[in-house]
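Report on the structure
These are the residues of each chain, in order.
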Amino acid sequence: MADALALFPEAEALAKGAIELLPQDEAWSILASVYKKWATVEPEPAQRDARVAAAVDAYEHLSSNKPSDYGVENRIQFLAIRNLDRASELNE
């Protein structure tokens, strides 16, 4: 587990690099996905919560709010963990 956790900072850096090169929805979704996966395996509750918050923040950079567009459904589902009202608003 420790070896796997040690890979996440590199994945985060690569995703952020992709955003610097081309800040489109796909790149922001990839960063959010890194944080989602990191939160899933993070053993420390405070760090897990920080990863969830970081994923939500990354998803908030998506340019679209339409559920059929890239990453928006994942955004709504994950946002519901932190802010059900905002997730419901986006879903409508």
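Here the structure is shown first, and the text comes after it.
Before going into details, it helps to say that this report is about the structure given with it. (Residues numbered from 1 in each chain as written. Predicted model: local features only at pLDDT ≥ 70, side-chain atom pairs only at ≥ 80, totals over all residues. Heavy atoms only, no water.)

Scanning the chain for helices and strands turns up five helices and zero strands. Here the C-alpha coordinates of the chain stretch approximately 40 × 30 × 15 Å along the principal axes. Looking at the chain residue by residue over its 92 residues, the buried ones come to 39%. Relative to all contacts within the chain whose residues are 6 or more apart in sequence, the contacts with residues 24 or more apart total 42%. In the form shown here, the chain has an accessible surface area of approximately 5,800 Å², with 53% of it arising from carbon and sulfur atoms. Looking at the chain, you have 9 positive and 16 negative side-chain charges, and the mean spots of the two groups are 2 Å apart. (Helix = DSSP H or I, 4+ residues; strand = E, 2+ residues; numbered from the N terminus. Buried < 20%, exposed > 50% of the residue type's maximum accessible area, 1.4 Å probe, protein only. Contact = heavy atoms within 4.5 Å. Areas by Shrake-Rupley, 256 points an atom, 1.4 Å probe, with all protein chains shown as cover. Lys, Arg positive; Asp, Glu negative; His and termini not counted. Charge placed at Lys NZ, Arg CZ, Asp CG, Glu CD.)

The subject of this paragraph is the packing of helix α4 (residues 72-82) against helix α5 (residues 84-91). One way to put it is that α4 packs onto α5 with a least axis distance of 6 Å and a crossing angle of 155 degrees. The angle between α4 and α5 places the two elements in the roughly antiparallel class. Taking contact as the criterion, the partners of Arg75, Ile76, Leu79, Ala80 and Arg82 in α4 are, on α5, Leu84, Arg86, Ala87, Leu90 and Asn91. When the residues that make up the contact of α4 with α5 are grouped by side-chain class, the tally is six nonpolar, one polar and three charged. (Axes fitted to C-alpha atoms, helices over the stretch in contact; angles between N-to-C directions. Parallel < 35°, antiparallel > 145°, perpendicular 65-115°, else oblique. Nonpolar A, V, L, I, M, F, W, Y, C, P; charged D, E, K, R; others polar.)

A separate point is the nonpolar core. Core analysis: the largest hydrophobic core is formed by 25 residues, its most contacted members being Trp28, Leu31, Tyr35 and Phe78. Among the elements of the structure, α1 (2-21), α2 (25-41), α3 (45-59), α4 and α5 are those that each provide at least two residues to this core. Ranked by residues supplied to this core, first place goes to α2 with eight residues. Residue contacts for Tyr35: discarding those within four places in its chain leaves Glu12, Lys16, Arg51, Ala54 and Ala55. (Core = buried A, V, L, I, M, F, W, Y, C linked by side-chain atoms within 4.5 Å.)

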